[in-house]
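# Tertiary structure, described
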Amino acid sequence: MTDTPLIAEGLVLGYDGKTVLHDLSLRLPGGQFTAIVGPNACGKSTLLRALARLLTPHRGRVLLHGQPLERIAPRQMARQVALLPQNPIAPDGITVRDLVARGRYPHQTLLRPASAGDATAVEQAMARLQITDLATRRMADLSGGQRQRVWIAMVLAQDTQVILLDEPTTWLDIAHQVELMTLLAQLAREGRTIVAVLHELNHAFRYADHLVALRDGRLMAEGAPSQTVTPALIEAVFDLPCVITPDPLTGAPMVVPHA
Amino acid sequence: MSRPLPLLALSLALPVVALLALAQGDYPVSLPELLGALAGRSEGPVHLVVIDWRLPRVGLALTAGAALGLAGALFQSITRNPLGSPDVIGLNAGAYTGALLALILGGGQVLSGALLGGLVTALAVYLLAWRGGLHGTRLVLVGIGVSAMATAANTWLLMTARLEVAMGAATWGAGSLNGATLAQLGPMALALPVLALGVTLLARPLRQLELGDDLSRAQGVPVALVRLCGLGLGVVLTALATATAGPIAFVALAAPQIGRRLTGASGAAFLPAALTGALLLALADLVAAQGLPGARQIPVGVVTLVLGGVYLLALLRLEARK
C-alpha cells in the first residue's frame, strides 16, 4: 500500500467557542505507522477523533480513499477504520473472548449475528496479542497491561485497513510499551495504516515511519522522524531545550533534555 | 457467553411457580382440577377461582415482572449504572403522581394518568440531565432528585384528597395485583410481545453502546438514535407495568443483575432479566396472596419493597467487603 488512505484538508474544529484545530492539513501515508506527538491539549486527540468521524469539522474535510467521511455509511466506515479511544469501558462481568468478539460488530448484521469467520478473526487477534490463555478470564480480574492488550486485540479483530489509537501505551510498563510499539510497526509492515497519539517521544521516533508534530492545533512538522526531528523542532513544540543524539541501536533520533 | 443451563432452569421455574400460584389459596385446587380448568374443561367454583380470579393475577405478575425486568436492563445498560433503574430514577413516583392527579381531579382514569405521569417524569429527567450529551451517573442523580420531589408531591396530594379517594389511591400506590381482571391482562399480553421484539432488535447495538460512546460510534453504532429508542422502550415498559399493577419497586432494579449473575452473561442480558423479573414478581405475589397472620392479603409492592431493602443491604455488604 503506497496510497494515502486518510487526508485531512484545512480542518478547523473546536468546542465551546474555542478553536482547537486551526486550518490543519495532513496526509497519512498508507501502510505506515504514523505517530502524532505534541504537548498536552495541543489537539492530538481532537485530530484523531476528527479522523474517526467522531467530530464534524467546522470547515475543511477528511477524505478516506478520496471520499469525504460524511458521505460514507457508518458501517462501511467501521469496516475500514478502527479506533481505540483513551478510556474504553468494559461491560460488567465480560470475559476476554467476549470483549475481543465485540470488535466484530461492523461485520455482523441482525440477520447474520456471528459467523465462523468472526470466530477465526477473534482467535487470531487473541493469538497475536498472546492473550489466548486468558480467553475465559473476566476483564475485571486482569492487570492494566493485560487489559490494554485485550482492547488492542478487539481493535485488531475489527480487521480494518486503518487503525487509530489514542495513547495506547498509557497504562503499560516499559516492557509492554516496547512490545506494543513493535506490534504496531509490524502491522504497518503488513500493509495496515497505523495512526497513534503517543507521549513517549523516543518510542515514537524509533518505531514510527511518519511523524506528525502539533502545537496549539497547528502542524509544526510532518515527515520521517530521521528527517524532521531537530532540537529546534522539539524546543518549538514542547518548549524543551534538548540535544538530539542517534539511538545507539537503530540510529533513530533520541531526545536528551537539558537539565 | 451465557450459560444455557441456568437459563433453562429459569424458564422451567416460571410454569412451576405459575401452577403453584393458581392452585394455592383459600380455595385450594388439586392439580388434575387445575389442568382441567386450564384446558377449558371446568365449571362452577373451580372455573371461577382458577380462570376468573387467579389466572389474571398470575398472568399479570408474570408479564408485569418481565416488563419491569426488561425496563431495568434497558435503563441500567444505557446509564451504565446498576442503580440506574426506572424505580430509582423516579418513573414509579412520577407515574403515581399521574395516577393521583387522575383520581383527584379527573374521573379516575388511573391507567392513562399513570402512563402520562411516567412519560412526563421521564422527559423531565432526560431534559434536566442533558448537557450536550447524556451521562449515566448524572441521569441517575437527577432521577433520584426528581423521584424525591415527585414523592413529596404525592404525599401532599394524598393529604388534600377526600378520605375515600385517598384510601383507594394509597392502595394503588402500594402496588397490588389483588383483584386483577382478565380485562387488565389483555392489553399487557398484547403489548409485551411487541415491546420485547423491539428490545430484541435493539439488543445488539445497545450492548455495543456499553463500551463507551466513542468506541461504539467508531464501530458504526448510531449512538443517539439507539439510546433514544432504548429509553423510549424502557419508559413505555415501566409505564405499562405501573399502570396495571401500581408502582412496584425492586424488580426492575434487581432482576437484571440477578439474571446476569445467574446465567454468567456479560453487560445487559435482556432475556435473563425478563425471566428473572417475571419469576421475582410471581414469587413475591405468591407471598402477598398468602398474606400475613392478621392481614388476609398484603399488596405485592410491600413484599418487593422488603425484598429490595434486603437486596440493597446485601449489595452494600458485598461492595464493602471488596
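What counts, and at which threshold
Residues numbered from 1 in each chain as written. Chains lettered and ligands numbered in written order. Predicted model: local features only at pLDDT ≥ 70, side-chain atom pairs only at ≥ 80, totals over all residues. Heavy atoms only, no water. Helix = DSSP H or I, 4+ residues; strand = E, 2+ residues; numbered from the N terminus. Rg over C-alpha atoms; globule rule 2.2 N^0.38 Å. Areas by Shrake-Rupley, 256 points an atom, 1.4 Å probe, with all protein chains shown as cover. Lys, Arg positive; Asp, Glu negative; His and termini not counted. Charge placed at Lys NZ, Arg CZ, Asp CG, Glu CD. Buried < 20%, exposed > 50% of the residue type's maximum accessible area, 1.4 Å probe, protein only. Salt bridge = Lys/Arg side-chain N within 4 Å of Asp/Glu carboxyl O. Pairing = 2+ DSSP bridges. Axes fitted to C-alpha atoms, helices over the stretch in contact; angles between N-to-C directions. pLDDT = per-residue confidence, 0-100. Contact = heavy atoms within 4.5 Å. Buried area = accessible area lost by both parts, 1.4 Å probe. Polar contact = N/O pair within 3.5 Å; in protein donor to acceptor, adjacent residues only side chain to side chain. Nonpolar A, V, L, I, M, F, W, Y, C, P; charged D, E, K, R; others polar. Core = buried A, V, L, I, M, F, W, Y, C linked by side-chain atoms within 4.5 Å. Parallel < 35°, antiparallel > 145°, perpendicular 65-115°, else oblique. Left-handed = near helix turned anticlockwise from the far one by under 90°.

Per the secondary structure count, chain A includes nine helices and 12 strands. For 259 residues, the compact-globule formula gives about 18 Å, and the C-alpha radius of gyration of chain A, at 19 Å, lands near that figure. Projected onto its principal axes, the C-alpha coordinates of chain A cover approximately 55 × 40 × 35 Å. Entry remark: accessible area of chain A is about 11,500 Å², with carbon and sulfur atoms responsible for 52%. In chain A, which carries 24 positive and 24 negative side-chain charges, the distance between the mean positions of the two groups comes to 6 Å.

Residues and elements named next belong to chain A. Inspection of the secondary structure puts Gly191 in the loop between helix H6 (174–189) and strand S8 (193–197). Overall, the relative accessible area of 16% leaves Gly191 in the buried class. With 58 residues separating them along the chain, Gly191 and Leu249 place their C-alpha atoms 25 Å apart.

Residues and elements named next belong to chain B. Evaluated as defined, the whole model comprises 13 salt bridges over all chains. Of the charged contacts in the structure, one is a salt bridge between Asp285 and Arg57, with a shortest N-O distance of 2.7 Å. Of this pair, Asp285 sits in helix H12 (residues 270–290) while Arg57 sits in helix H3 (residues 44–79), placing them 228 residues apart in sequence. Across the pair, exposure class does not vary: Asp285 and Arg57 are buried alike.

Another point: the sheet that holds strand S10 (residues 218–223) of chain A. All names here are of chain A. What the six strands build is an open sheet, ordered S6-S7-S8-S3-S9-S10; its pairing is mixed. In the strand order of this sheet, the two ends are held by strand S6 (81–84) and S10, each with one partner. Averaged over all adjacent pairs, the angle separating strand axes in this sheet is 15°, with direction ignored. Note: strand S9 (residues 210–215) against S10, five bridges, orientation antiparallel.

Residue and element names in this part refer to chain B. In the predicted model, chain B carries a mean pLDDT of 88, and 97% of its residues have values of at least 70. Mean pLDDT values over the elements of chain B span from 82, in helix H13 (residues 300–321), up to 94, in helix H9 (residues 213–218). Per the prediction output, this complex has pTM 0.89; the corresponding ipTM is 0.91.

Residue and element names in this part refer to chain A. Strand order across the open sheet formed by four strands is S2-S1-S4-S5, with antiparallel pairing between neighbours. At either end of the open sheet lies a strand with only one pairing partner, and these are strand S2 (18–28) and strand S5 (67–68). As paired strands, strand S1 (residues 6–15) and S2 are joined by seven bridges and run antiparallel to one another. Pairing of Gly14 across the sheet is with Thr19, part of S2. Sheet strands touched by helix H1 (residues 44–51): S1, S2 and strand S4 (59–64). Its angle to S1, the strand with the most contacts, is close to 120°.

On to the interface of chain A and chain B, then. Between chain A and chain B, the residue contacts involve 27 residues of the former and 21 residues of the latter. Of the roughly 2,200 Å² buried at the junction of chain A and chain B (both faces included), carbon and sulfur atoms supply 52%. A per-residue breakdown of the area chain A buries against chain B is headed by Leu54, Arg102 and Tyr105 of chain A, which together make up 32% of the total. At the junction of chain A and chain B, the tally comes to one salt bridge. The salt bridge partner of Asp214 of chain B is Arg49 of chain A, with a shortest N-O separation of 2.9 Å. The tally of links between chain A and chain B comes to nine residue pairs in polar contact (both at pLDDT 80 or more). Looking at the side of chain A that touches chain B, the elements that each hand over two or more residues are helix H2 (74–80), S6, helix H3 (96–101) and helix H5 (144–157) of chain A. Per element, the largest residue contribution to the side of chain A that touches chain B is three residues, and it comes from H2 of chain A. Here the side of chain A that touches chain B is built from residues that sort into 16 nonpolar, five polar and six charged.

Before going further, it helps to spend a moment on unusual backbone geometry. It is generally the case that most residues other than glycine have a negative phi and that most peptide bonds are trans. Residue and element names in this part refer to chain B. If you check the backbone angles, Arg80 has positive phi at about 50° while not being a glycine. In this structure, Arg80 sits in the loop between H3 and helix H4 (91–104). For Arg80, a relative accessible area of 33% corresponds to the partly exposed category. Phi at Phe250 takes a positive value of approximately 80°, unusual for a residue other than glycine. For Phe250, the position within the fold is in the loop between helix H10 (223–245) and helix H11 (251–263).

A few words on the nonpolar core. The biggest cluster of nonpolar side chains holds 71 residues, and the ones touching the most others in it are Leu206, Leu237 and Phe270 of chain B. Broken down by element, this core gets its largest block of residues, 12 residues, from H3 of chain B. Ignoring any residue separated from it by four or fewer positions in sequence, one finds Leu237 of chain B in contact with Ala67, Leu70, Ala71, Leu74, Leu192, Leu195 and Val199 of chain B. The next biggest cluster of nonpolar side chains, apart from the first, holds 55 residues, and it includes Met126, Met181, Ala185 and Phe205 of chain A.

For any two helices packed against each other, one specifies the inter-axial angle together with the distance between the axes. Residues and elements named next belong to chain B. Relative orientation of the contacting elements H4 and helix H6 (residues 136–160) amounts to 25°, with a least axis distance of 8 Å. With respect to each other, H4 and H6 are oriented roughly parallel. Two packed elements cross with a definite hand, and for H4 against H6 that hand is left-handed. The residues of H6 that touch H4, namely those facing Ala93, Gly94, Tyr96, Thr97, Leu100, Leu101 and Ile104, are Ser147, Ala150, Thr151, Asn154, Leu157 and Leu158. When grouped by side-chain class, the residues that make up the contact of H4 with H6 number eight nonpolar, five polar and no charged.

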